Amino acid sequence: MPEQNKMPVTIIGGYLGSGKTTLVNHLLRNADGKRLAIMVNEFGELPIDADLIEAQDDDIISLSGGCVCCSYGNDLIMAMMDMAKMDPRPDHIVLEASGVALPGAIANSLSLLNDYSLDGIVVLTDVETIRERAGDKYMSDTVLRQLEDADIVLMNKADLVSDNISGDVSSWLAEKSPGAQIIKTERSVVHPTLMLQDFERQPVSGLGMKHHDAGQFNTELVVPDGPVDACQMANDLIENTPGLVRAKGFVKSINGTMQTIQIVGKRAEITPAPEGAEVGVITISVGG
Amino acid sequence: MTTIFSARKIITMNPSNPEATHVAVRDGRILGAGSLQELEGWGQYTLDETFKDKVIMPGLVEGHSHAMEGTLWKYTYVGFFDRMDPHGKVWDGAGDIEAVITRLEEANGKIDDPDAPLPAWSLDPIYFNNERVSREQLDRVSTTRPIGIMHASGHILNVNSKALELAGLLKSGINNPGVPLGKDGLPTGELKGPDVMTPVGIHVGFDRDMLACDEEGLIDFAKLCVRSGVTTATDLAARLPEEAVNMMLEVTARKTFPARIVPLRYHHGVTPDELIKHATSLKKQSTDRLRLGKIKVVVDGSIQGFSARIRWPGYYNGAPNGLWYISPEHLRHIINASLEKDLHIHTHTNGDEATELVLDCMEEGLLKHPSRDHRFTLQHCQLADSAQFRRMAKLGMCINLFANHHFYWGDEHYNLTVGPERAKRMNACATAIESGVPMAIHSDAPITPLGPLFTAWCAINRLTASGRTQGEEEKIDIDEALYAITLGAAYTLKLDGEIGSIESGKRADFAILESDPEDTDPTKLKDIKVWGTVQDGRIFSAADL
Ligand SMILES: [Zn+2]
């Protein structure tokens, strides 16, 4: 299946109580016409806010705006294979991993399913408890492995602690999640643009709006002068764009073919570009 | 209507009446065991001498098996060891890869449809010096038909090129630790771990829910029970949706169904509260032959799959620690709620860290909900050390040790997974008994074959497949082993008041043996022939199944 026809999957990981469910609801509320499919381990005390629900079946909840929420129970891969047959297809899958799951391992498994491409791994942390969790007798290595797997780490409840503490946790996270961009959030509120690669509706330049809850993010269109080495350019963007969260776009490679560059956190992926692609890479960054 | 059975010897497991020659049965229950003269006082009777040359034991109890053992026999058996199918046919073990291929070629020849999948099971390369089965070798059997072989451990699948092609995985550039690549950059056909097995498994004929057992599978499972002397067996992890429960209720109620089945509700895929609710409602649906309402919680993975959670110093070969299959918070919640609502939990732990977590949660839970006789049971619990056994005893927990595992994978544990010292303490039956922890031993069928006499042999001799004795100090004696596969296992299911011994008032469940285990060289215990069973007073001859 050509890369651009694959359904993008964003994996949301993090320990219990880190705000995953709140984030999922926030993304649904701000889906803006995008049809999201939410995969959760189990329907418990419903993971979805009541006003978003239109109907509930055994394993599927229909949500407003053509979105759905499915529980994958004990067999994630089987559920994902079923999801691929869904008609109409969702635009984007948001997979909420269980609190003890390793999101990197889930990403590995998904890479074997031809219908999906990994959009990114977002790991949520609770600023107040993450250090304690990471030292827990039983959960320490699980929590640290989750952080290691992350492309984006959300530092949740950042508003509830002093700047000093928040700064400490932030540098600790930077060490534990070397591949990730770290974003401070309050109550999991973060702009969907940062969470879900939105390729069809690229943010236009000037979208660099101030979003009150999500903090500020900036977008920029980078157009290289001529053919480039796509890998080199991706690495340059990662190293030289302060606060880079995501980037996506097309470049002409040195051998003349068009290539797609996609960056999440500090992970870049280069794939052949779809037909008619125009040169230009949009970067989305925070802070600065 | 009273029947008195005569026997060469009756081993009752009743301490106040250990041996008898006759047992009187009425309405599926035992009036008493003793001499014919002692039993005549119950009034008119028919003397049944079918077993006059046999030895009768209490019906054996398998405290950890899965009914899917019955279902798996639909597929081609390619295991290393001889194994009996539900119809009594003994399949020769496949001694090398060539024998595996030959077995598959025979099966291939029997399928007309060239596209139909060929699923096989119970491969174990550790007995072939770890030589792996390749895609090319399976392609010799067929290039048009998808072929898959499930390993004995259940953690690895080997497939041919066609199967990979159907799953879209016959391509280069795959970067996944569960998918080893050959020199050509393509997958070798070995797929490790459930997430990697699933996308290909469905193409080779392994059903969606491997743990689910259909009607035919349940009946076949019960036949295996009769052949191994088992009258009560657990189906240890099932999701138990309504259709499955209805099917099981209907099938087990049939006059011809020869076993009592104890299915446990698996924790995965539902919230702790839903689990408790489901188990509570299942409990009310229990019948004599289908005992519902117990819960199984899986805490970690397996030691040979390196997914068990083990404590420092970790895996012998340096592999990273395994995986948690439940969070401590959820485990705690399930334990607390079960103690409060008098639900019975069995936990799967393999590694000693997972066991430690369960003990911690129990200690906490019991402070809040003191329960004098909860009998929560640690299943497998293979790596527990003596301090943990002492804690189990204090907390009133039971244990069901995986004695068979020691034989099949003991060498692997010694050399690779946990190293020599800890391999010797695995499945520490003697320590369990000495610590006062009520103990059963199990097969985990279909992981290893159903057969409590073999399981008892494993616990007594502690031999590994290579013939080494591993853990001399943890051997138990014949009496302890026979207790473990009868009353011991019944106790872990809270059924010891009904089954597990031949005693007035209990169910008329017997294992009918051709020779006397108490008068058998303990190294030959596994070779004792089983004639069949009596279950609820009904006679089931293995030869007539
Ligand atoms: Zn099991």
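Only a predicted model underlies this, so the values are computations on that prediction, with no experimental measurement involved. (Residues numbered from 1 in each chain as written. Chains lettered and ligands numbered in written order. Predicted model: local features only at pLDDT ≥ 70, side-chain atom pairs only at ≥ 80, totals over all residues. Heavy atoms only, no water.)

Taken over all residues, the pLDDT of chain B has a mean of 95, while the share at 70 or more is 99%. Interface scoring of the predicted complex returns ipTM 0.89; its pTM is 0.93. (pLDDT = per-residue confidence, 0-100.)

Turning next to the interface of chain B and chain A. With 39 residues of chain B in contact, the opposing surface of chain A contributes 29 residues. Our count for the chain B to chain A interface comes out at three salt bridges. Here Lys137 of chain A and Asp360 of chain B are joined by a salt bridge, their closest N and O atoms 3.4 Å apart. Elements with a contribution of two residues or more to the side of chain B that touches chain A: α6 (194–201), α9 (272–283), α10 (328–341) and α11 (352–368) of chain B. Residue classes in the side of chain B that touches chain A are distributed as 17 nonpolar, eleven polar and eleven charged. (Contact = heavy atoms within 4.5 Å. Salt bridge = Lys/Arg side-chain N within 4 Å of Asp/Glu carboxyl O. Helix = DSSP H or I, 4+ residues; strand = E, 2+ residues; numbered from the N terminus. Nonpolar A, V, L, I, M, F, W, Y, C, P; charged D, E, K, R; others polar.)

All names here are of chain B. In terms of domains, chain B is made up of domain 1 (76–201) and domain 2 (215–534). If you average the C-alpha positions of domain 1 and of domain 2, the two centres end up 29 Å apart. Between domain 1 and domain 2, the residue contacts involve 15 residues of the former and 15 residues of the latter. Here domain 1 and domain 2 share an interface that buries about 1300 Å² over both sides, 60% of which is from carbon and sulfur atoms. (Domains from an automatic or database assignment. Buried area = accessible area lost by both parts, 1.4 Å probe.)

Residue and element names in this part refer to chain B. Interhelical geometry of α11 versus helix α12 (residues 386–394) gives an angle of 25° and a closest axis separation of 11 Å. Classed by the angle they form, the pair α11 and α12 counts as roughly parallel. Every pair of crossing elements has a handedness; the one defined by α11 and α12 is left-handed. Here α11 contributes Asp352, Thr355, Glu356, Leu359, Asp360 and Glu363 to the contact with α12, which in turn contributes Gln388, Arg391 and Met392. (Axes fitted to C-alpha atoms, helices over the stretch in contact; angles between N-to-C directions. Parallel < 35°, antiparallel > 145°, perpendicular 65-115°, else oblique. Left-handed = near helix turned anticlockwise from the far one by under 90°.)

On to the domain arrangement of chain A, then. Residue and element names in this part refer to chain A. Considered domain by domain, chain A is made up of domain 1 (3–195) and domain 2 (201–286). Facing the 21 residues of domain 1 at the interface are 21 residues of domain 2. Here domain 1 meets domain 2 over a buried area of about 1900 Å², counting both sides, of which 55% is carbon and sulfur. For the domain 1 face of the interface with domain 2, the top three residues by lost area are Gln181, His191 and Leu194, together amounting to 28%.

Okay, the packing of α10 of chain B against α11 of chain B next. All names here are of chain B. Where α10 contacts α11, the two axes come as close as 9 Å, and the packing angle between them is 40°. Classified by the angle between their axes, α10 and α11 sit oblique to one another. For the element pair α10 and α11, the recorded crossing hand is right-handed. Residues Pro328, Leu331, Arg332, Ile335, Asn336 and Leu339 of α10 touch α11, and the partners they reach there are Leu357, Val358, Cys361, Met362, Glu364, Gly365, Leu366 and Lys368. When grouped by side-chain class, the residues that make up the contact of α10 with α11 number nine nonpolar, two polar and three charged.

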